[in-house]
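Observations on the model geometry
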Amino acid sequence: MAPDVPKPPFDPEIHALVGDSMKDYFRPGGLQPLRDMIENLCTLESVTDGTVFTHAERSVPSPDGPGAAPITVSVFTPRTGEAGNRPCIFFMHSGGVVIGNRFTSFKDSLDWGETTNAVVVTTEYRLAPEHPYPAGLNDCWAAFNWIHDNAADLGIDATRVAVTGQSAGALMATAVTMMAKEKGGPKIAALLIDTGMMDDRGVTNSAEQFNEATVTLDRISNDTCWDAHLGKLVRGSGDVPPYAAPNRATDLSGFPPTYVDCGGSEFARDDNIDFARKLMKCGVETELHVWTGAPHGFTQMAPEASLSREARRMRGNWLKRILVERPQLSQS
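Residue numbers run consecutively from 1 along every chain, following the written order of its sequence. Reporting in this predicted model follows two pLDDT cut-offs: at least 70 for local features of residues, and 80 or more for side-chain atom pairs to be given and counted; totals over whole chains, interfaces and linings ignore these cut-offs and use all residues. Just so you know, side-chain values use all the structure's heavy atoms and leave hydrogens and water out.

1. Brief notes about the packing of helix 5 (residues 135-149) against helix 7 (residues 168-182)
Spelled out, the test is: Axes, fitted as lines to C-alpha atoms, cover a helix only where it is in contact. Angles between the N-to-C directions of the axes lie from 0 to 180 degrees. The numbering of helices and of strands both runs from the N terminus, where a helix is a DSSP run of H or I of at least 4 residues and a strand a run of E of at least 2. Less than a right angle of anticlockwise turn of the near helix away from the far helix marks a crossing as left-handed, whereas a clockwise turn marks it as right-handed. Here, two residues are considered to be in contact whenever any of their heavy atoms come within 4.5 Å of each other. Residue polarity follows a fixed list, in which Ala, Val, Leu, Ile, Met, Phe, Trp, Tyr, Cys and Pro are nonpolar, Asp, Glu, Lys and Arg are charged, and the others, Gly among them, are polar.
Look at helix 5 against helix 7: their axes get within 10 Å of each other, and the N-to-C directions meet at 65 degrees. Relative to helix 7, helix 5 is oriented so that their crossing is right-handed. Across the interface between the two elements, Gly136, Leu137, Cys140, Trp141 and Phe144 from helix 5 touch Met172, Ala175, Val176, Met179 and Ala180 from helix 7. Across the contact of helix 5 with helix 7, the residue classes break down as nine nonpolar, one polar and no charged.

Have a look at this one:
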C-alpha cells in the first residue's frame, strides 16, 4: 500500500460548518436524488430574496436548430443606478456538469452585479450523461451570443461583458472564452474562474492529496463527472479537446483579463494553478488566489465563514475594477 500523501489541513471554521457533507457526493448511478435536491433548494426565490434586481425569464433558440427545446435564461436588471449601457455578468452554474440549474451557486453573481451596476444573466444548459460534450457548451455559447445580439434591448454595454462560473460552470465559461477568441466571436471583457473543473487527467499533486477526501470532492466524484461530461471521449486520452477540458490548451494568448480562484485544500487546486500559470506565460493579465485550507466550492458550502466572505469581496472588487473603474479611467 502506498504511503499517505501529506496534504494541507482544512480551514477549521469551514470544516466546523461543513463537516463531511461532500463525501461521496457524486457517484455513478446516484445523480437523481441530487438533481431533485437542487431543484428544491436552488430556486428563483432562493436567490432573489432581498436583492435589488428585477427578473425576466427569456428563451434562447437552441443551437440544435428549429424544433429543439429552447434554452432558458434569467436576466436580472438592477432597480437602482444608471439605466442602460450597463456592464453584464454572464454566469454558468456548478454541479459537475451532471446536476444543477441556473440558480445553483448563483447568488454571489447578484452581489457582484450590485457592486458593478451590471445586468446579470444566468443560463440553463443540458446536463450529462444524457447530453455529453459538446451539448452543454453549445447551449452556453448560444446564450452568450444571444446576450450580445440583444445587448441594446437588455441595456448592456456589449464591450463590458464578463463571463464567470463555479466548478463545471467555470469549465463552460473558460471554453466559451476560448470559442470567442478562436471563432472571432464577441469580445469578452473579463473571465472569472471560481474553483474550475479544468482537467480530466487527475495527475497533479493535489489530486493525490485529496484522492480520498471528506470535506471536498474526491477522485471517484471527479472521475464520475468527467466520464459523464466526455461521453464517448476517453478520460485521460489524447483525444480530449481543450473545449472539453480547458487545461488541455497550450496557447492562451488573447484571453481577456482573468481571475482564477480556488481552495488550497481541494482536488482541483493544481489544475487551476496550472491554468493560471499558462495564462501568465502567454502574457495574459491574470490574478490568482489560492485560499488556504479551503475546500472545493467553499464560498457556497460555508458562505458565512470569514474566508468565504473575503473571497467573495475580492472577486467583486476585481470585477468592479475591470468592468467599471478601468473603463472610466480610459474615458477621462
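2. Regarding unusual backbone geometry
Applied cut-off: We call a residue buried when its accessible area falls under 20% of the maximum for its residue type, exposed when it is over 50%, and partly exposed in between, using a 1.4 Å probe and counting protein chains only.
Note that the residue after alanine 128, namely proline 129, is joined by a cis bond; omega there is 5 degrees. Residue position: proline 129 is located in the loop between strand 4 (119-123) and helix 5. At asparagine 117, a residue that is not glycine, the phi angle is positive and equals roughly 55 degrees. Summarising the element assignment, asparagine 117 is placed in the loop between helix 4 (107-116) and strand 4. Overall, the relative accessible area of 21% leaves asparagine 117 in the partly exposed class. The residue threonine 195 is not glycine, and still its phi comes out positive at about 45 degrees. Of note, threonine 195 is situated in the loop between strand 6 (190-194) and helix 8 (205-209). Residue threonine 195 is classed as buried on the basis of its relative accessible area, which comes to 0%.

3. What about the packing of aromatic side chains?
Filter applied, for reference: Stacked, tilted and edge-to-face pairs are distinguished by plane angle, under 30 degrees for stacked and over 60 for edge-to-face with tilted covering the rest, among Phe, Tyr and Trp rings (Trp via its six-membered ring) whose centres lie within 6.5 Å.
Following the criterion strictly, the structure yields seven aromatic pairs and no others. Relative to phenylalanine 210, the ring of phenylalanine 10 has its centre 5.9 Å away and its plane inclined at 50 degrees; by these criteria the two rings are tilted. Remark: phenylalanine 210 occurs in the loop between helix 8 and helix 9 (219-230) and phenylalanine 10 occurs in the segment before helix 1 (12-18); sequence separation between them is 200 residues. Owing to a relative accessible area of 17%, phenylalanine 10 belongs among the buried residues under this scheme. Under the relative-accessibility criterion, phenylalanine 210 is labelled buried at 1%. Centroid distance tyrosine 259 to tryptophan 318: 5.4 Å. Interplanar angle 55 degrees. Geometry classified as tilted. With tyrosine 259 in strand 7 (residues 258-263) and tryptophan 318 in helix 12 (residues 306-331), this pair connects stretches of sequence that are 59 residues apart. Judged on exposure class, the residue tyrosine 259 and its partner tryptophan 318 are both buried.

4. Here we look at the pattern of salt bridges
Quick reminder of the rule: We count a salt bridge whenever a side-chain nitrogen from Lys or Arg sits within 4 Å of a carboxyl oxygen from Asp or Glu.
Overall, the coordinates contain 20 salt bridges when judged by the stated rule. Arginine 219 is paired through a salt bridge with glutamate 208; the nearest N and O atoms lie 3.2 Å apart. A residue pair is termed long-range when its members are at least 10 positions apart, and arginine 219 in helix 9 and glutamate 208 in helix 8 qualify at 11 residues. The exposure class assigned to arginine 219 is buried, which follows from its relative accessible area of 17%. Taking the shortest distance from any N to any O, the salt bridge between aspartate 274 and arginine 277 comes out at 2.8 Å. Separated by three residues within a single helix, aspartate 274 and arginine 277 lie in helix 10 (residues 269-281), roughly one turn from each other. The exposure class of aspartate 274 is partly exposed, given its relative accessible area of 26%. In this structure, a network of salt bridges that share partners links the residues Glu57, Arg102 and Glu124.

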